[in-house]
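# An overview of the molecular structure
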Amino acid sequence: MRITAPEGYDQYRENIARGNVEMVEYISRAVGNPRKTRIYTPPGYSQDQTYNVLYLLHGIGGDENEWFNHGQPHIILDNLYADGMLEPMIVVFPNGRAMPDDRPVGDIFDPEKIQAFERFELDLLQDLIPFIETNYKVSTDREGRAIAGLSMGGGQSLNIGLNHLDRFAWIGAFSPAPNTKAPEQLIPNPQEAAALLRLLWLSCGDEDNLKHISERTHAYLAEHGVPHIWAEESGGHDWPVWKNDLYHFSQRLFKGTK
Ligand code: FER
């Protein structure tokens, strides 16, 4: 499937309702110190309504700001809300490098930092999700929870999401990196995954050097009958692809759950 967002999808539009972006801190027992996350609440956010949640993860050189520094996710989402294309959701942009100094400085491929992307699973499940569910009016069941990310964050989304289908019904991987588990480990029980998933989205640019990771995952899913979207896009390991992914993936989320 080839997809391209319409012109202007990422351009600031005058006179539409806007969501809000804030930075919050939560206590992480997994890491042992307070950690920062950005949160986007949609236009008209109100405690009278219950929202779905998308956890949206960054790449190997990023942090909780990366999507905002490069991807204008709030503008893309504001525009989609203005056009009535999205289910109400809040979007959480965590720092997926779960270690005391989680800044993307020095050697971003340092094994200790790569390891921290694995530790994030505990931070997310044990600390961040409960924090979000205590402080925001959100759905607490799997049908109201999604996880997606780009590159390292795409690998995390597959590794964490598919290993916890009791927690996530909607999963997206944009250009997943080599941290992605081998398909047999990722989906040891294809039948069960097929029954539980509401959406499994896999995408990659056709000029991306990491495309083999997506291809091997797609091949296994197809062979084992696990329904999924495979979006092969024009482009490399880069933001135009990931922004396009957010535009399309977000519109498929949480449809038909209420
Ligand atoms: C690798 C190449 C790329 C790797 C990770 C990446 C863990 C991640 C790239 C990104 O997040 O953009 O070999 O190994």
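Look a little higher up for the structure.
Keep in mind that this is a model prediction, so the values were computed, not measured.

## Examining the overall build of the protein
- When its secondary structure is counted, the protein shows 8 helices and 8 strands.
- In summary, the protein has a C-alpha radius of gyration of 17 Å against a globular reference of 18 Å for 258 residues, a match within 12%.
- Based on the C-alpha atoms only, the size of the protein along its principal axes is roughly 45 × 40 × 35 Å.
- Here the protein holds 258 residues, and the buried ones make up 57% of them.
- Accessible surface, the protein as shown: approximately 10800 Å² in total, 48% of it carbon and sulfur.
- Computed over 23 positive and 36 negative side-chain charges, the separation of the two mean positions in the protein equals 4 Å.

## Some details on helix 8 (residues 239–252)
- In a regular helix each residue adds 1.5 Å, so 14 residues correspond to 20 Å; helix 8 covers 20 Å between its end C-alpha atoms and thus fits that length.
- In terms of residue burial, helix 8 counts as a mostly covered element, since 12 of its 14 residues are buried.
- Every buried residue of helix 8 is listed here: Trp 239, Val 241, Trp 242, Lys 243, Asn 244, Asp 245, Leu 246, Tyr 247, His 248, Phe 249, Ser 250 and Gln 251.
- The first or second residue beyond helix 8 is Phe 254, which carries a positive phi of 60°.

## So, the environment of Leu 253
- Along the chain, Leu 253 falls in the segment after helix 8.
- As for Leu 253 and Ile 171, which are separated by 82 residues in sequence, their C-alpha atoms are 9.3 Å apart.
- Not counting residues within four places of it along the chain, the set of residues in contact with Leu 253 comprises Leu 54, Glu 87, Met 89, Ala 146, Trp 170 and Leu 199.

## Here's the deal with the site of the ligand
- Around the ligand, the neighbouring residues are Gly 59, Ile 60, Phe 109, Ile 114, Ser 151, Met 152, Ala 177, Pro 178, Leu 210 and His 237.
- Within the backbone of Ile 60, one N or O atom sits 2.7 Å away from an oxygen atom of the ligand.
- Within the contact set of the ligand, an oxygen atom lies 2.8 Å away from a side-chain nitrogen or oxygen of Ser 151.
- Starting from 370 Å² of accessible surface for the ligand in isolation, the protein chains cover 75%.
- Each residue belonging to the shell around the ligand can be placed in one class, and the counts come to 7 nonpolar, 3 polar and no charged.

## Some points on the pairing of strand 2 (residues 33–41)
- By the bridge criterion, 9 bridges tie strand 1 (residues 20–28) to strand 2 in an arrangement that is antiparallel. The residue of strand 2 that forms the bridge with Val 21 is Tyr 40.
- Turn length for the strand 1-strand 2 hairpin, with the two strands adjacent in sequence and antiparallel, is 4 residues, and the turn residue Gly 32 shows positive phi of about 100°.
- Bridge count for strand 2 against strand 4 (residues 89–94) is 4 bridges, and the pairing is antiparallel. Bridge pairing links Arg 38 to Phe 93 in strand 4.

## Considerations on the nonpolar core
- Counting 39 residues, the largest nonpolar core has Tyr 55, Ile 90, Leu 124, Ile 132, Phe 168 and Ile 171 as its most contacted members.
- Of all elements in the fold, only strand 1, strand 3 (52–57), strand 4, helix 3 (111–135), helix 4 (152–163), strand 6 (170–174), strand 7 (199–205) and helix 7 (211–223) reach the threshold of two or more residues within this core.
- Ranked by the residues each element gives to this core, the list is headed by helix 3, at 7 residues.
- Beyond its immediate stretch of four places on either side in the chain, Phe 168 contacts Tyr 55, Leu 124, Leu 125, Ile 129, Arg 142, Arg 145, Ala 146, Ile 147, Ile 160 and Gly 161.
- Residues Trp 170, Phe 174, Leu 199 and Ala 231 belong to the second largest nonpolar core, which totals 34 residues.

Here is what the cut-offs are and how they apply
- Residues numbered from 1 in each chain as written.
- Predicted model: local features only at pLDDT ≥ 70, side-chain atom pairs only at ≥ 80, totals over all residues.
- Heavy atoms only, no water.
- Helix = DSSP H or I, 4+ residues; strand = E, 2+ residues; numbered from the N terminus.
- Rg over C-alpha atoms; globule rule 2.2 N^0.38 Å.
- Buried < 20%, exposed > 50% of the residue type's maximum accessible area, 1.4 Å probe, protein only.
- Areas by Shrake-Rupley, 256 points an atom, 1.4 Å probe, with all protein chains shown as cover.
- Lys, Arg positive; Asp, Glu negative; His and termini not counted.
- Charge placed at Lys NZ, Arg CZ, Asp CG, Glu CD.
- Expected span 1.5 Å × (residues − 1).
- Contact = heavy atoms within 4.5 Å.
- Near = heavy atom within 4 Å.
- Polar contact = N/O pair within 3.5 Å; in protein donor to acceptor, adjacent residues only side chain to side chain.
- Nonpolar A, V, L, I, M, F, W, Y, C, P; charged D, E, K, R; others polar.
- Pairing = 2+ DSSP bridges.
- Core = buried A, V, L, I, M, F, W, Y, C linked by side-chain atoms within 4.5 Å.

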